[in-house]
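Chain residues, written in single-letter form:
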Amino acid sequence: MPRISTLFVVVCACVLGAVGATQAAVHHRAAVKHGKTVKRAKIHGLGPPAQLEPANGAHFQQVPTLTWSAVSGAVEYEYQVAADPKFHSVVLGKGTGTGTSMTHNLAASLGKPVTDGTYYWRVRGLTATKEPGAWSATRSLVKAWTEAPQLLGPANAASITWPSVPLVLSWSQVPSATEYIVTIATDEHLSNIVLGSATSPQKTWGSVLALPGTLPVGQYYWAITPVDTEGHRGTQSAVRTFNWSWPTSTSAQVSDLNPDPRVFEPQFSWAPIPGAARYEVEVNSAENFPVGSQWCCSGLTIGTSLTPTQVLANNEYYWRVRAIDASGNAGVWNEGAKFTKAFDSVTPTIPNLTMSEPNGEPIGEADPKRDTPIVTWSPVPGASSYEVQVTYYVAKSGCNWAAPEFGGEKQTVETSTLAWTPLGPNFNHIGPTAWPSSDSKGQLKGEDTPYCVRVLARSDNDARGNQVVSNWTQIGGLNQPAFRFASQPAPGSPGPGGLETEASAYLPPRTGSTPAQEESCPVFSKCRSTPLFTWHRVPGASSYYIVIARDEGFTHVIDVASTVVPAYAPQLGGEAPLDDETTTYFWAVVPVNATGEVFNEPPLQDAPQGFNKSSVPPTPLAPINGAPRENQPTFSWTPAMGALNYTLQVSQDPTFGNPIDNVRTDSTAYTSSSTYPANVTLYWRVRANDTNPHNEGLNWSAVQTFTRTLPKPTPSAGNATGGEAIPVLSWSPVAGATAYDVHVEQPDGTTKDFTADSTAFTVQEWDGPGIWRWQARAEFPSGLYQQVPGGYFAPQPFAHTTAPPAGAQGIKSGSRIVISWNPEPYAKEYEVEISTTDTFSFSTTIESRHTDQSSWAPNVDLGLPANRGALYWRVAAMDNKSNVGPFASGTLVPPKPKSKCVVKKVKTGKKTVKKCVAVKHKAAKTKKHH
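Position numbers for residues start from 1 in each chain and track the written sequence from start to end. The model is predicted, so local features are restricted to residues of pLDDT at least 70 and side-chain atom pairs to those at 80 or more, both for listing and for counting; the totals for chains, interfaces and linings are taken over all residues. Only hydrogens and water are removed before side-chain values are computed, so all heavy atoms of the structure are retained for them.

Visitor: For this particular structure, what's the right way to read the pattern of salt bridges?
Guide: By definition here, a salt bridge exists when the distance from a side-chain nitrogen of Lys or Arg to a carboxyl oxygen of Asp or Glu is within 4 Å. Taken as a whole, this structure holds 22 salt bridges when the rule is applied. A salt bridge links Glu280 to Arg322; its shortest N-O distance comes to 3.0 Å. Within this pair, whereas Glu280 is found in strand 21 (residues 278-284), its partner Arg322 is found in strand 25 (residues 315-324), the two being separated by 42 residues in sequence. One salt bridge connects Glu282 with Arg320, and the closest N-O pair in it is separated by 2.9 Å. Pair noted here: Glu282 is in strand 21 and Arg320 is in strand 25, with a separation of 38 residues, a long-range link. Working definition: with a 1.4 Å probe on protein chains only, accessible area under 20% of the residue-type maximum means buried, over 50% means exposed, and in between means partly exposed. Relative accessible area serves as the criterion here: at 6%, Glu282 is assigned to the buried category. Look at the salt bridges and you will find they share partners, linking Lys112, Glu230 and Asp852 into a network. Each helix corresponds to a stretch of at least 4 residues labelled H or I by DSSP, and each strand to a stretch of at least 2 residues labelled E; elements are numbered beginning at the N terminus.

Visitor: Help me understand empty space enclosed by the protein in this model?
Guide: Over the atoms, a rolling probe the size of a water molecule traces out where space has been left empty. Think of a 1 Å grid over just the protein atoms. A cavity is a set of points where a 1.4 Å probe fits yet cannot get out, a pocket is an open set with protein on both sides within 12 Å along at least five of seven lines, and lining residues have an atom within 4 Å of a point. Grid points are joined across faces, edges and corners, and a volume is the space filled by probe spheres set on the points. A full pass over the atoms with the stated rule returns three cavities of 30 Å³ or more. Approximately 290 Å³ is the volume attributed to the largest cavity. If you go around the largest cavity, you meet 23 residues; those closest to its centre are Val263, Glu265, Val311, Ser459 and Asp666. Under this grouping Gly is polar, as are all residues other than the nonpolar Ala, Val, Leu, Ile, Met, Phe, Trp, Tyr, Cys and Pro and the charged Asp, Glu, Lys and Arg. For the lining of the largest cavity, the per-class residue count stands at 13 nonpolar, six polar and four charged. What lines the second largest cavity is a set of 18 residues, and nearest its centre among them are Thr802, Tyr826, Ala877, Met878 and Asp879. Of all the secondary structure elements, the ones that give two or more residues to the lining of the second largest cavity are strand 67 (871-878) and strand 68 (884-892). For the lining of the second largest cavity, the leading source of residues is strand 68, giving three residues. The class makeup of the residues in the lining of the second largest cavity is nine nonpolar, five polar and four charged.

Visitor: Even after reading the chapter, I still don't get the side chain of Asp579, so can you show me in this structure?
Guide: Summarising the element assignment, Asp579 is placed in the loop between strand 43 (567-568) and strand 44 (585-592). For the purpose of charge, His is not counted, nor are the chain termini; Lys and Arg are scored as positive and Asp and Glu as negative. Of the side chains with opposite charge, Arg550 comes closest to the buried, unpaired Asp579, at an N-O distance of 4.8 Å.

Visitor: Looking at this structure, how should I read the sheet that holds strand 51 (residues 669-671)?
Guide: Within a sheet, each strand pairs with its neighbour through backbone hydrogen bonds, oriented either parallel or antiparallel. The strand order 46-48-51 describes an open sheet built from three strands, whose pairing is antiparallel. Each edge of the open sheet carries a strand with a single partner, namely strand 46 (620-622) and strand 51. Between one strand and the next, the sheet's axes are offset by a mean angle of 20°, whatever the strand orientation. Strand direction decides the pairing type here: strand 48 (residues 634-637) and strand 51, joined by three bridges, are antiparallel. Paired with Thr634 across the two strands is Thr671, which belongs to strand 51. Only strands that DSSP links by at least two bridges are regarded as paired with each other. With axes taken as lines fitted to C-alpha atoms, and helix axes fitted only over the stretch in contact, angles between N-to-C directions fall between 0 and 180 degrees.

Visitor: What should I look at first to understand the pairing of strand 42 (residues 557-563) in this one?
Guide: Every other side chain in a regular strand lies on the same face of the sheet, so the side chains alternate between the two faces. Burial within strand 42 is extensive, with seven of its seven residues counted as buried. Direction of pairing for strand 41 (residues 543-549) relative to strand 42: antiparallel, over a ladder of six bridges. Across the sheet, residue Tyr544 finds its bridge partner in strand 42, namely Thr563.

Visitor: Is there a simple way to think about the sheet that holds strand 4 (residues 58-60) in this case?
Guide: The five strands lie next to each other as 4-10-9-6-7, forming an open sheet whose pairing is mixed. This sheet does not close on itself; its edge strands, each paired only once, are strand 4 and strand 7 (100-103). Pairwise comparison of adjacent strand axes, ignoring direction, gives a mean angle of 25° for this sheet. Pairing of strand 4 with strand 10 (residues 139-143), which is carried by three bridges, proceeds in the parallel orientation. Directly across from Phe60, in strand 10, lies its bridge partner Lys143.

Visitor: Would you mind going over the state of the cysteines with me for this structure?
Guide: Cysteine sulfur atoms are paired as a disulfide whenever they fall within 2.5 Å. Going through the model one piece at a time under the given rule, you end up with two disulfides. Across a sulfur-sulfur distance of 1.5 Å, Cys296 and Cys297 are joined as a disulfide pair. As the torsion about the S-S bond is roughly 60°, the Cys296-Cys297 disulfide counts as right-handed. One disulfide bridge connects Cys399 with Cys452, the sulfur atoms lying 2.0 Å from each other. Taking the sign of the torsion about the S-S bond as the criterion, the disulfide between Cys399 and Cys452, at about -85°, is left-handed. In this pair, Cys399 is assigned in strand 32 (residues 398-399) and Cys452 in strand 35 (residues 449-458), connecting sequence segments 53 residues apart. Accessibility assignment for this pair places Cys399 and Cys452 in one class, buried.

So, in structure tokens, the structure goes:
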């Protein structure tokens, strides 16, 4: 028996050796490389591993996990993945999750995605001393990320009517995509991109995007391209189209702000256009609106009305208005009714034009003989000054308006005083050198010479710098004399002491209008305009100098004039017309004898007189009395006599130290291009400016207040309140808004702010689970290129949830461990762990990795005693900010040990069944040698 046992053992060993050799030979010859059988010898006693998955030449969306069979004697394995069959270009470098590494696992996976293309892989075993065995055959695989997004909305060729229908693009999610490129272009080949650019495309994490801006009207093409975590672009979706429209037609009206028929003040108005950030108004003198005939208005306005800040020339006009959105896209032109602008086109153009007595009483007779001719008239609404022409009359030919401006034959003067008087010669400079030179004209001829007088009114200069004037009105009728200039009385001899005590010699200065219309301007009282000065003749005086000063000592003299008559109507020039003063003006008359010598040391010995100049300010009409204004306010006021234009000031400061608006306009209304701060008291005032460029303006109106209220949007009822996907946030449109601000409070306590032109909004990144709070407000234009915000609506909560990776499973087969899951739509990468304990914290983790892929083959040495029991795994998605979501988990249970029994047929009763019978080990008998 011992001999037989020994022989049996030898035979078994031989058989087993032959079988092993046969299997090794089979493995050597069965290595597959490009479909050919290649013989492979053992190296360091290790044969080549048999590759399992993936099959040679298979195609995949992403590189799958590589698996192979165990090699007898191998304790570790080395794998390689390269872009060439000779493995000169191993991908992703070296180390765990790269194109080459060592592992105890019978599987390996890449930690990052690679570009599309053909890749090659192989594997070999390693001995305990790291000596490598034979390489396996080389297999190829094709990575082709061909799954494209499916476009969901809007439908192809959809009509987007902005702003009532915002553009919201949506598409299906693509596995392994961590973000998407949204392309909108004007051509089907997507070469003329209007959202983002080729080098800086528009990207978003989610599968929905609300267009944040606006587009010009037209047809557009759009498509979506997925992008993986390494920036590799996948397959572009199909291309769809949409048609962008913006309804910008509106009704347009023109009205006259001034009820007086002498003045036409156009105010253009129109119905508001949703989505308009501002409006452009054009006024043209030609029907087809050629560029060279444009008059107004080169600027833009944010209100729905506009009054030109400069007067228009007398003409027929056409006008139109169009909307401009926040991106500068223009709507259609809307034409209003044509209108005719005429200044003072009534007859007579100058009311109450007449010859007057020195006390202001009109002279009723025709062609009166006067040694002190005074012409007066009533103010013309809208007139800031007047032009007066005086020329001699020829009996047979009439008024010689072509006479030269010298020699006393003709005088042309400009004045804001409502009167005219002749000036005399200027003998020499009077007073200190600091005094201005005297106004003088060629002296009119006496001896009953007949003269004609005509007057026209002047408004402000038009937008092209030309005067806007009325027709002439002539005293006595067309081509008729107005007066006969009688010779001056003999000088006589001066009275004793001159005029220093003869205050009664001065008649009150007057405004120059008829007594029924204008109050007198008595000494030391207020004159509403620059007055007409008259006085009694002085014995011995052949002419006079009249001196007007701002102080009683006549150190600040503002006007000096020479005249042969005892009357003076100031003309334009110097500081005339006179500014409004809260202090007193002083004036005096200095008599001059026939040789040009003054009687006294002027003017303190010539009985100076005082008066106040204080015009009637405009009366504010709207807004007044603290009224709240939700729409853009239009300021309006009554016209002021003699106004060239007006200054409007708006401020938060009642002293107007830092005005928000400080504008000049020829109109009696103004719509600002500034949106004022909301819910605070605002102050405004207006004053007239006369023709004197040295004056800062006339009296201010009473200060008025108003409150600007800015409307708030309302959140849409259908807004989502929670979920994992990026939501579409929407709200109601607000009239006059140019954009909307979205404020987000994140779960980690930080905030983000966004701006969109649309009433729908989607964030491009959505980080971290928890309760988000968001709110929106409207932005309104403050000036043409600045914004002022309204108020936010109440914060809206959104519960951002994340789920464990779906489809997660862990598979253990012998020494092979693979954990896989479905790609998560908002995951930048994944955290995957394997541990020997199932505690919450995985405190005894064997391995923990971050991977971009949706599978992981951990490097676990199952030969170690600590790893032979149950193993626990878990995986969670991580977003772009490394926030870790909830884990999916499982257990890897070791296989049951092989049963230590043999199957034998055992008879039980009448039946014979197969049963596992424990193997009985007999003690080996040894031969005793004697």
